[in-house]
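Structural overview for review
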Amino acid sequence: DATLEMIDSFQKANPNITVEGIPTPAPDVISIVQADVIARNGPDIAQIIFADFGYAAENFGVPALEDIVPADELAGHLGGMFPKGVELGRLNGKTYGLAYVFSTPVLFYNADLFVAAGLNPDAPPRTWDEVSAAAQAITKATGKPGLLTGIFGPSAYDWLFQGFIRSNGGRVISEDRKTLMFAGTEAVEALAMMKAIARSGTMPNNSSADNIEAMSTGNAGMFLNTSAIQAALIRGAEGKFDLRSAPMPTFRDKPAAPTNSGSALMIMTQDPVKQRAAWELMKHLTSDYGYTIITSKIGYVPLRQTAVESEEYLAPFLREHPVMAPNIAQLQSLTPWVSMPGPNYRQIMTTMMNAAEQAVFGEGDPATLMSEAQANAQALIP
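A short tour of the structure in this document, coming up. (Residues numbered from 1 in each chain as written. Predicted model: local features only at pLDDT ≥ 70, side-chain atom pairs only at ≥ 80, totals over all residues. Heavy atoms only, no water.)

Observations regarding the pattern of salt bridges
Rule in force here: Think of a salt bridge as a Lys or Arg side-chain nitrogen and an Asp or Glu carboxyl oxygen that are within 4 Å of each other. Under the scheme used here, helices are H or I runs from DSSP no shorter than 4 residues and strands are E runs no shorter than 2 residues, and both carry numbers assigned from the N terminus. Any residue under 20% of the maximum accessible area for its type is buried, any over 50% is exposed, and the rest in between are partly exposed; the area is computed with a 1.4 Å probe on protein chains only.
Inspection of every chain in the model, using the stated rule, returns 17 salt bridges. In this structure, the salt-bridge partner of Asp 8 is Lys 12, at a minimum N-O distance of 3.3 Å. Of the two residues, Asp 8 and Lys 12 are both situated in helix H1 (residues 2-13); the distance of four residues between them amounts to about one turn of the helix. The residue Lys 94 makes a salt bridge to Asp 67 at a minimum N-O spacing of 2.9 Å. Of the two residues, Lys 94 sits in strand S3 (residues 94-95) while Asp 67 sits in helix H4 (residues 65-68), which places them 27 residues apart along the sequence. What makes Lys 94 partly exposed here is its relative accessible area of 31%. Through salt bridges with shared partners, a single ionic network connects Glu 73, Arg 276, Glu 280 and Lys 283.

In structure tokens:
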């Protein structure tokens, strides 16, 4: 509904441009776009998940914005944006997309359950050791799950996993996107810590839908996930329990490395007239107005500093909903979600994520499981 609202306002302001929105499930976007491109009936503009971003930019003939938009106009639009957010749409030195709806990891927590467990809700856990202790206290006192996480599960992409590993000083892939590193010492250490939390009985391996249901109904202590679920959590908590949020936890004295979820807008047409129309739509969707709608009605983080500070746009909403504050603060330390390379990029990601879930919730040694998965996935790297 929020997207349709923005498209409608754009068409009213630009009556000479008609926008046909094609609603598509997020996991299916890249396959549908690819089929349309092969059939020479590709979209003029597409919303591409960051996991698919590198593949789309390198294989679909996507023009860089620097090549189709006047330099001063492009600089003017990007000027009010958080610089680290703009970097998300860049590859090999050029801008192939603009971050559209995205988030950093947020630790949502139920302050009422903190009180019931004898914890201070005004001092939420900052490290993973503190998260573990708090989760065990909540489960012991209330019988409810102390911690839920969106890191694992059949529908999980690797954006949150990447930030989790990087926060312990590791990486899942090298800077040049050629060598997988998710079986490194830091990654295995982080997974072993998470395995201990699971073994303590405080963190069930639920589906994403079950986790959202539990947190939004007040039946879980903490939930680390994207702010895309924020609107649902706020609706569920209203008048029932005290929903709060905190930044992504750290590993002891190491700095957190919050990665981004979400997607970018990419212009895909080769027609100069349609490129111009698509750029006008892209500007509208990533304007102060656009991010006001995106943040207040969906829950994603606003990419524009100007929208955050403006009384006309988001400042009143953010004062009323302080749960958004950690997400915006983490834009200063944002670490890009790195897409896997080559045509087998999704299989690489799935191999890694299945091994990580098994390492935490299943049997077997995390080091062995991740090492075997890394060897299998490395064979798929071009």
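On we go.
Description of the side chain of Lys 283
To be explicit about the condition: For the purposes of these results, a polar contact is taken to be a pair of N or O atoms within 3.5 Å, where, inside protein, one atom must be able to donate a hydrogen and its partner to accept one; residues adjacent in sequence count only when each atom of the pair is a side-chain atom. Here, two residues are considered to be in contact whenever any of their heavy atoms come within 4.5 Å of each other.
You can see Lys 283 is positioned in helix H13 (residues 272-285). Of the polar contacts made by the side chain of Lys 283, one reaches the side chain of Glu 73; its length is 2.9 Å. Here Glu 280 takes part through its side chain, which lies 3.4 Å from a polar atom of the side chain of Lys 283. Beyond its immediate stretch of four places on either side in the chain, Lys 283 contacts Glu 73, His 77 and Arg 276.

Comments concerning the sheet that holds strand S8 (residues 243-246)
Pairing between the strands of a sheet is mediated by backbone hydrogen bonds and can be parallel or antiparallel. Applied cut-off: One bridge is not enough; two strands pair if DSSP finds at least two bridges between them. Angles here are taken between N-to-C directions and fall from 0 to 180 degrees, while the axes themselves are lines fitted to C-alpha atoms, restricted in helices to the stretch in contact.
What the four strands build is an open sheet, ordered S6-S7-S5-S8; its pairing is mixed. A single partner strand is all that each edge strand has here, and the edge strands are strand S6 (147-149) and S8. Going across the sheet, the axis of each strand differs from the next one's by a mean of 20°, ignoring polarity. As defined by bridge partners, strand S5 (residues 106-110) adjoins S8 across four bridges and the pair is classed as antiparallel. Directly across from Asn 110, in S8, lies its bridge partner Leu 243.

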